[in-house]
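# Inside the fold
If you want the building blocks of each chain, they are given just below.
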Amino acid sequence: KRIKMGDNMSDNGLRKMLKIFTGVQCVSNFRPTAAAAIYTKFTPKNGSVYDMSCGYGGRMMGAHIAGMKYYGVEPCAATFQGLNKMKNDFNIDANIRQEGSEIGGWLPDNSVDMCFTSPPYFDCEKYSKEETQSYIKYPTKELWLKGFMRDTLNDCYRVTKPGGVIALNIQNVKTYKNLVVDVIEMCGGRGLTM
């Protein structure tokens, strides 16, 4: 279709064209500069951050820019390998595990200054078809909210230092129109503030 249109035969033009087809999803990376700004605002100098869904490394790079120790988990094997390559190539102070955040238990109690991530929005972001993926392990919104998000956040409450910050970058998506409200309601009894 792009060839027939005869214009914008660039990588970006092809990506734009692909977006018009059904079943195609766009994958994005969290901007490292935005992550660094968030870490700098909400954590002490030389603090530590825990990323419960590492993704493609934008928040890890942001921690590096901000001078923070970075801990993270990522269940997708290929993404995990890429994160480790990035960590080694840029000499990033990071400890990353290949598992889902709902498993938890590997970081000590009260050990990080901030927990911050952009979760996979139920089944909106599908990084692979591995059984470790939250949308496969928890195939309904209800199971995902209780099995993935609740268990992830429970571990965050455990590992965050007193006075620390837990933050999520979430939004409603086509397959989960009430995601934000459901997560806020689930967190309501924990004394979280908006």
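For the structure itself, consult the block above.
Residues numbered from 1 in each chain as written. Predicted model: local features only at pLDDT ≥ 70, side-chain atom pairs only at ≥ 80, totals over all residues. Heavy atoms only, no water.

### Structural notes on the side chain of T79
Note that T79 resides in helix α5 (residues 77-89). A relative accessible area of 9% places T79 in the buried class. Excluding anything up to four places from it in sequence, T79 contacts G55, Y56, E74 and Y127. (Helix = DSSP H or I, 4+ residues; strand = E, 2+ residues; numbered from the N terminus. Buried < 20%, exposed > 50% of the residue type's maximum accessible area, 1.4 Å probe, protein only. Contact = heavy atoms within 4.5 Å.)

### Points about the pairing of strand β4 (residues 112-117)
The buried count for β4 comes to six of six residues, which makes it a mostly enclosed element. As paired strands, strand β1 (residues 48-51) and β4 are joined by two bridges and run parallel to one another. Counterpart to V49 in the pairing with β4 is M114. (Pairing = 2+ DSSP bridges.)

### Quick notes on the pattern of salt bridges
Applying the stated criterion across every chain, the model contains nine salt bridges. Between D51 and R59 there is a salt bridge, and its shortest N-O distance comes to 2.8 Å. The exposure class assigned to D51 is buried, which follows from its relative accessible area of 0%. For D151, the salt bridge goes to R150, with nearest N and O atoms at 3.6 Å. Judged by its relative accessible area of 28%, D151 is partly exposed. Given a relative accessible area of 38%, R150 falls into the partly exposed group. One network of salt bridges, with partners in common, ties together D109, D155 and R158. (Salt bridge = Lys/Arg side-chain N within 4 Å of Asp/Glu carboxyl O.)

### Some remarks on unusual backbone geometry
Here the phi dihedral of N46 falls at roughly 60°; this positive angle occurs in a residue that is not glycine. Along the polypeptide, N46 turns up in the loop between α3 (32-42) and β1. Residue classification places N46 among the exposed positions, given a relative accessible area of 60%. The phi torsion at N110 lies on the positive side, around 50°, for a residue other than glycine. Looking at the secondary structure, you find N110 in the loop between β3 (94-97) and β4.

By themselves, these figures tell us nothing about what the structure is for.
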